[in-house]
Amino acid sequence: MTQIQEILFKYQDKQYGDFSAKLVPTLPREAFIGVRSPSYKNIIREIAALPGSVKEDFLADLPHKYHEENCLQIALINKIKNYDECITALEKFLPYINSWAISDGLNPPILKKNRHQLLPKLVQWIGDDATYTKRVGMLLLMKYFLDDDYKPEYLELPASIRSNEYYVNMMTAWLFAEALVKQWDTAISFIQNKKLDTWTHNKAIQKACESFRVSPEQKEYLKSLRIR
């Protein structure tokens, strides 16, 4: 057992491991140690007290055995304060992301601060064949580019995706549901013109209708656009 694994097991909660495994059905139960999210702050502090090479060796030693090691990897990437270093660390890890729970934990402040520099990377990742690389690209597009920096053309690439992967299609639906909340006037045209595949189209409508940020009138109109 590595030093990092020993630290993670100090915070083990087996019942929480059972719960986590049910939320991530694509991974076997034995992949989960069972570490609650608030514990990672203490874990990171413990790692900081170790020789510097331990953390660097951990980040480079891929793939990891446990889900919680991947959670820790994302938590450490989120803390990187240099843009180029963050991108390098993330791109090394992208091929090893193996669940929605890992991809969706990504949110480094340094990437948001440099989002215009990041945009070509998002286009590249969204166009990738790997499920979770594609999901990461759409996730960060949703987080960083649906507000003041929004342009309708940013939705064209996600709209063009045709995938058999549930976690890709669900991310696309989530992205368009958020776009309908934040940029209704242009996002609705993608629904009106049926630019998404049928499942994703209907799921985006469902998720938008579940939001309290969408008006009752908008919800009624969206429901009329469902594809039977």
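Below or above, wherever it landed, is the structure these notes cover.

Cut-offs and rules
- Residues numbered from 1 in each chain as written.
- Predicted model: local features only at pLDDT ≥ 70, side-chain atom pairs only at ≥ 80, totals over all residues.
- Heavy atoms only, no water.
- Helix = DSSP H or I, 4+ residues; strand = E, 2+ residues; numbered from the N terminus.
- Rg over C-alpha atoms; globule rule 2.2 N^0.38 Å.
- Buried < 20%, exposed > 50% of the residue type's maximum accessible area, 1.4 Å probe, protein only.
- Contact = heavy atoms within 4.5 Å.
- Areas by Shrake-Rupley, 256 points an atom, 1.4 Å probe, with all protein chains shown as cover.
- Lys, Arg positive; Asp, Glu negative; His and termini not counted.
- Charge placed at Lys NZ, Arg CZ, Asp CG, Glu CD.
- Axes fitted to C-alpha atoms, helices over the stretch in contact; angles between N-to-C directions.
- Parallel < 35°, antiparallel > 145°, perpendicular 65-115°, else oblique.
- Left-handed = near helix turned anticlockwise from the far one by under 90°.
- Arc of directions from axis to C-beta.
- Polar contact = N/O pair within 3.5 Å; in protein donor to acceptor, adjacent residues only side chain to side chain.
- Salt bridge = Lys/Arg side-chain N within 4 Å of Asp/Glu carboxyl O.
- Phe/Tyr/Trp six-rings, centres within 6.5 Å; stacked < 30°, edge-to-face > 60°.
- Lys NZ or Arg CZ within 6 Å of the ring centre and 35° of its normal.

What follows deals with the overall build of the chain. Scanning the chain for helices and strands turns up 15 helices and 0 strands. Here the C-alpha atoms of the chain give a radius of gyration of 19 Å, agreeing with the 17 Å that 2.2 N^0.38 yields for 228 residues. Along the first, second and third principal axes, the C-alpha atoms of the chain reach 55 × 40 × 30 Å. Burial status across the chain gives 50% buried among its 228 residues. Long-range contacts, defined as pairs at least 24 residues apart, comprise 68% of the intrachain contacts of the chain with a sequence gap of at least 6. If you sum the accessible surface of the chain, you get close to 11,800 Å²; carbon and sulfur atoms cover 50% of it. For the chain, the centre of its 31 positive side-chain charges and the centre of its 28 negative side-chain charges are spaced 5 Å apart.

Attention now moves to the packing of helix α4 (residues 52-60) against helix α5 (residues 67-78). The contact between α4 and α5 brings their axes to 10 Å, and the two run at 115°. It follows that α4 is roughly perpendicular to α5 by the angle criterion. Classified by chirality, the crossing of α5 by α4 is left-handed. Facing Lys-55, Phe-58 and Leu-59 of α4, the residues of α5 in contact are Glu-69, Leu-72, Gln-73 and Leu-76.

Right, let's get into helix α2 (residues 14-23). Each α-helix winds once per 3.6 residues, and so residues spaced three or four apart point in a common direction. Looking only at α2, the buried set comprises Tyr-16, Gly-17, Ser-20 and Ala-21. For α2, the arc enclosing every buried residue in end-on projection is 140°, short of the 170-degree limit, so these residues lie on one face. Turned more than 90 degrees away from the buried face of α2 sit Gln-15 and Lys-22, all of them exposed. For α2, the N-terminal capping position is held by Asp-13, with its side-chain oxygen 3.1 Å away from the main-chain nitrogen of Gln-15.

Glancing now at the pattern of salt bridges. With the rule as written, the count across this model stands at 10 salt bridges. A salt bridge links Asp-149 to Arg-115, with the shortest nitrogen-to-oxygen separation between them at 2.4 Å. One end of the pair, Asp-149, is in the loop between α10 (131-144) and α11 (156-160); the other, Arg-115, is in helix α9 (residues 115-126), with 34 residues separating them in the sequence. Accessibility expressed as a relative area gives 25% for Arg-115, which makes it partly exposed.

Here we come to the environment of Val-181. Structurally, the position occupied by Val-181 is in helix α12 (residues 166-182). The spacing of Val-181 and Ser-53 is 128 residues in sequence and 45 Å in space, taken between C-alpha atoms. In this structure Val-181 touches Ser-211, Arg-213 and Val-214, once residues within four positions along its chain are discounted.

This part covers the packing of aromatic side chains. Here the structure, examined in full by the defined rule, presents 7 aromatic pairs. An angle of 40° between the planes, with centres 6.3 Å apart, marks the rings of Tyr-132 and Tyr-167 as tilted. Of this pair, Tyr-132 sits in helix α10 while Tyr-167 sits in helix α12; the two residues are 35 residues apart in sequence, bridging distant segments of the chain. Taken individually, Tyr-132 and Tyr-167 each receive the classification buried, so the pair is uniform in this respect. The interplanar angle of 80° and the centroid separation of 5.5 Å between the aromatic rings of Phe-145 and Tyr-154 together place this pair among those described as edge-to-face. Note on accessibility: Phe-145 and Tyr-154 belong to one class, buried. The ring of Phe-190 carries Lys-195 above its face, with NZ or CZ at 4.9 Å from the centroid.

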